[in-house]
Amino acid sequence: MSPLANVKELVRRSQTKDQQAFAELVSLYQDKVYSLSYHLTGDATEAQDLAQEVFLRAYLHIGTFRQEADFGTWLHRITVNVWLNSRRKQKGPLVISLDTPIVTEDGEVAREVAAAQPDPLEMTTERELQQLVRRALQELPADFRAVLVLREIEGYNYEEIARLLRCSLGTVKSRLNRARHALKAKVLALAARDGYSLSDR
Amino acid sequence: MTPGCRQVRRFLPAYYDRALGQAKAAAVEEHLAVCAVCRTEVAHWKRIAGALEKLESPAPPPDFAGRVMASIDSAGRPAKQRRGLKLPAGIRPWLAPGLARVVAAAAVLAVIACGSWSLAAKYWHGVTGPTIAHREEAKPPTVLPPQEKNRREAPPEQLVPPPRVVPGANNAQVPGSQAPPQTAPRQVTPPKALAERPPAGAKHEWSASSAASSPAASVAGSSGRVAFAEPRVFLNKERQITSSFLRVAVPQLDAAEAEARTIGQRFGAKIQELARGQAGARQQVGLKFTVETTRANLLLVRLIGLGKVLDRGSQTQDISADFAATLELYRYWVGLRNTVTDAAEAEAIGREIERLEKQLATWDEEAERQVIVLWLEEE
């Protein structure tokens, strides 16, 4: 049986509450779910808990899974939504608007001035940059982190992200744009704080 | 900034995602070849994206599948075996902020003491649908996942509370506007009590400090300061920017315009002429009224009375999330500035702070007011 047909069969059996079949699905998809969980939570223990929660809910709601969809993507959708929801319970729900501009006109001037100074990341090695990025990612608001992880790490395209997050394409684009700016600002801020100088003087 | 930069910046997100057509991508690259500012920006992003892509995640522990199946198994057990913290029935965090905060704090402590996601999972058993966003909010308990080990978010000293859910869906789209229709309600529908409050002008103060807390001394707009004034205090609360659009046909344009302006003045609106001229055979004039939210609806009604309404619409943007995110960045930079000793660094950071502050202040102001755009057309 081809792998895809195999998955379909396992799902079908799981829908009849065949736990053995579902256990096999868990084995097949645990890396995929765990990876996204880890990138979202930034912590191994939380990632485990989140991933476990995801599979539990998947089992409980597998009846709603439509066979023509991709099972892995469906699991990812559960993952990101459960995580976002838990974050909302901590800090309150976040709604991202569609068209709000990121910067006022004057912001353009600040950008030019800042860029005219020596590159704060110029001296960082790849490994150091990775650390900075990892830390910066964890410090971003949840919605920003979610779109960045889905786009830059998991490689979903805009349409897929819109379906995963149940929002419009426009929202995805503008949120991603804002998220990228925010991440860049954080990375530069962390780099500055860690002593990579902003200026040579 | 050269015109080229502004345009190129608009294309950059698509450029990063390789979603630009060949011609546009080539144009972007041509500009990058000659512009150091944009080149730096792109280079930064490419390095960061590259680092992101390579971020690794460890493998799940070997007994992971076993644990999952165990939790599935126990989820089938009867309710009395589940543990969890319930808020007393009738207490909803959004209705009784003070009390709810106390109870919620207790809940957080209890959950930290007890555990983790698996506990939450047992509690949430029975929720329908894998996308939990809608239903969860309606449940009474606020069982929270444990506090994250490393304090990642900015400390909530003054500006504690979260912005709340926007009551009500958005109104009809402005004709021809870019905003695409939503495929699903973007947010949870809050409990009735909240939704029934008049949205316009109802400022819901969620600040932990008293609502009367006034902003600290405002930072002066001018740059080049050495001594830093206190950073402004921005309250984290619900913020919406509402704009309405109205097209009215009138028998006499001049008279109608004068009338509209008089009405606007009486409402204390700021009036701006947007355009004046000929549209086909008809004379037209466009006026923009910026008015306090509490008066906007009434003003709209009066303007409607000027003639025959040909077209109308409105749009509400909730900027609470953008505000919260920007506020976080702002606080971050402020905190950072206090730790640097190099004057040039401090100045650069100060500029960033000013920029963010301006944006926050603009949003703050705009959220208090509504915009009505009125187009008058002579019949």
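Within every chain, residues take consecutive numbers counted from 1 along the sequence as written. Numbering of ligands from 1 and lettering of chains from A proceed in the order in which they are written. Residues qualify for local features only when their pLDDT is at least 70, as the model is predicted, and side-chain atom pairs are given and counted only at 80 or more; totals for whole chains, interfaces and linings, by contrast, use all residues. No hydrogens and no water enter the side-chain calculation; it runs on all heavy atoms of the structure.

A word on the overall build of chain A. Numbering of helices and strands runs from the N terminus; a helix is a DSSP stretch of H or I covering at least four residues, while a strand is a stretch of E covering at least two. For chain A, the helix and strand inventory stands at nine helices and zero strands. Going residue by residue from the N terminus, the α and β elements of chain A occur as α-α-α-α-α-α-α-α-α. Contacts are assigned to residue pairs that have any heavy atoms within 4.5 Å of one another. Residue pairs in contact within chain A that sit at least 24 positions apart in sequence constitute 69% of those at least 6 positions apart.

Angular values range over 0 to 180 degrees, each being the angle between N-to-C directions of two axes fitted as lines to C-alpha atoms, with helices fitted over their stretch in contact. Contact pair helix α2 (residues 19–41) of chain A / helix α4 (residues 64–75) of chain B: the axes reach a minimum separation of 9 Å and the direction vectors enclose 140°. When the axes of α2 of chain A and α4 of chain B are compared, the pair comes out oblique. Once α2 of chain A is placed against α4 of chain B, the crossing between them reads as right-handed. Of α4 of chain B, the residues touching α2 of chain A (which contributes Q19, F22, A23, V26, S27 and Q30 of chain A) are F64, A65, V68, M69, I72 and D73 of chain B. We call Asp, Glu, Lys and Arg charged. Ala, Val, Leu, Ile, Met, Phe, Trp, Tyr, Cys and Pro are nonpolar, and the rest, Gly among them, are polar. For the contact of α2 of chain A with α4 of chain B, a count of residues per class yields eight nonpolar, three polar and one charged. Should an angle fall under 35 degrees it is called roughly parallel, over 145 degrees roughly antiparallel, and 65 to 115 degrees roughly perpendicular, with every other angle called oblique. Crossing handedness: left-handed means the near helix sits turned counterclockwise from the far one by under a right angle, and right-handed means the same turn made clockwise.

Before going further, it helps to examine the nonpolar core. Buried residues of nine kinds, namely Ala, Val, Leu, Ile, Met, Phe, Trp, Tyr and Cys, make up a nonpolar core once their side-chain atoms join them within 4.5 Å. Categorising residues by exposure relies on relative accessible area from a 1.4 Å probe, with only protein chains included: less than 20% of the type maximum marks a residue as buried, more than 50% marks it as exposed, and the intermediate range marks it as partly exposed. Ranked by size, the top nonpolar core spans 107 residues in total, and within it F22, L25, F55, F71, L75, L183 and V187 of chain A carry the most contacts. With sequence-adjacent residues up to four places away left out, V187 of chain A is seen in contact with L121, L129, L132, V133 and A136 of chain A together with I48 of chain B. Core analysis: the second largest hydrophobic core is formed by 21 residues, V250, A269, L303 and L376 of chain B among them.

Let us look at the pairing of strand β5 (residues 369–378) of chain B. Residues and elements named next belong to chain B. When you tally the buried positions in β5, you get seven out of ten residues, the bulk of the element. Here, any two strands with at least 2 DSSP bridges between them count as paired. Here strand β1 (residues 240–250) pairs with β5 via nine bridges, running parallel. Residue pairing across strands places S243 opposite V371, the latter belonging to β5.

Glancing now at the pattern of salt bridges. All names here are of chain A. Here, a salt bridge means any side-chain nitrogen of Lys or Arg that lies within 4 Å of a carboxyl oxygen of Asp or Glu. Evaluated as defined, the whole model comprises 20 salt bridges over all chains. The partner of E9 in a salt bridge is R12, and the shortest N-O contact between them spans 2.8 Å. Here E9 and its partner R12 are both found in helix α1 (residues 3–15), three residues apart, which amounts to about one turn of the helix. Relative accessible area serves as the criterion here: at 42%, R12 is assigned to the partly exposed category. Residue R180 is joined to E152 by a salt bridge in which the shortest nitrogen-to-oxygen separation is 2.7 Å. Of this pair, R180 sits in helix α9 (residues 169–193) while E152 sits in helix α7 (residues 142–153), and the two are 28 residues apart along the sequence. Across the pair, E152 and R180 agree in class, each one buried.

Residues and elements named next belong to chain A. With 79% of its residues at a pLDDT of 70 or more, chain A has an overall mean of 81. Below a pLDDT of 50 lies the segment residues 92–116, which in the model reaches 80 contacts outside its immediate sequence neighbourhood of four places, other chains included. Confidence drops under a pLDDT of 50 for residues 197–201, and excluding neighbours within four residues, the segment shows 16 contacts in the predicted structure. Along the chain, pLDDT gives the predictor's confidence residue by residue, from 0 to 100.

This part is about the sheet that holds β5 of chain B. Across a sheet, strands are paired by hydrogen bonds formed along the backbone, either parallel or antiparallel in direction. Residues and elements named next belong to chain B. Pairing in this open sheet of five strands is mixed, and the strands run β2-β3-β5-β1-β4 from one edge to the other. Looking at strand neighbours, the two that pair on one side only are β2 (270–279) and β4 (308–318), the edges of this open sheet. Averaged over all pairs of adjacent strands, the angle between strand axes in this sheet comes to 15°, irrespective of strand direction. Relative to β5, strand β3 (residues 282–292) is paired through nine bridges, and the arrangement is antiparallel. Its bridge partner lying in β5, T290 is registered against V371. Most of the contacts of helix α9 (residues 253–266) go to β3, to which it runs at about 0°, and overall it touches β1, β2, β3 and β5.

All names here are of chain B. Here the expected span of a helix is defined as 1.5 Å times the quantity of residues minus one. With 14 residues, α9 ought to run about 20 Å at 1.5 Å a step, and its terminal C-alpha atoms sit 20 Å apart, in line with that. Those residues of α9 that sit buried are L253, A256, E257, A260, I263 and G264. Relative to the axis of α9, the buried residues are bounded by an arc of 125° and lie together on one face. Counted as exposed and oriented over 90 degrees from the buried face of α9: D254, Q265 and R266. Within this analysis, the arc is defined by the directions that extend from the helix axis to the C-beta atoms.

Let us now look at unusual backbone geometry. Even without a glycine there, the phi angle at R166 of chain A is positive, about 55°. For R18 of chain B, which is not a glycine, the phi torsion comes out positive at approximately 55°. Looking at the element boundaries, R18 of chain B is found in the loop between α1 (3–16) and α2 (22–34). Taking the relative accessible area as the measure of exposure, R18 of chain B reaches 77% and is therefore exposed.

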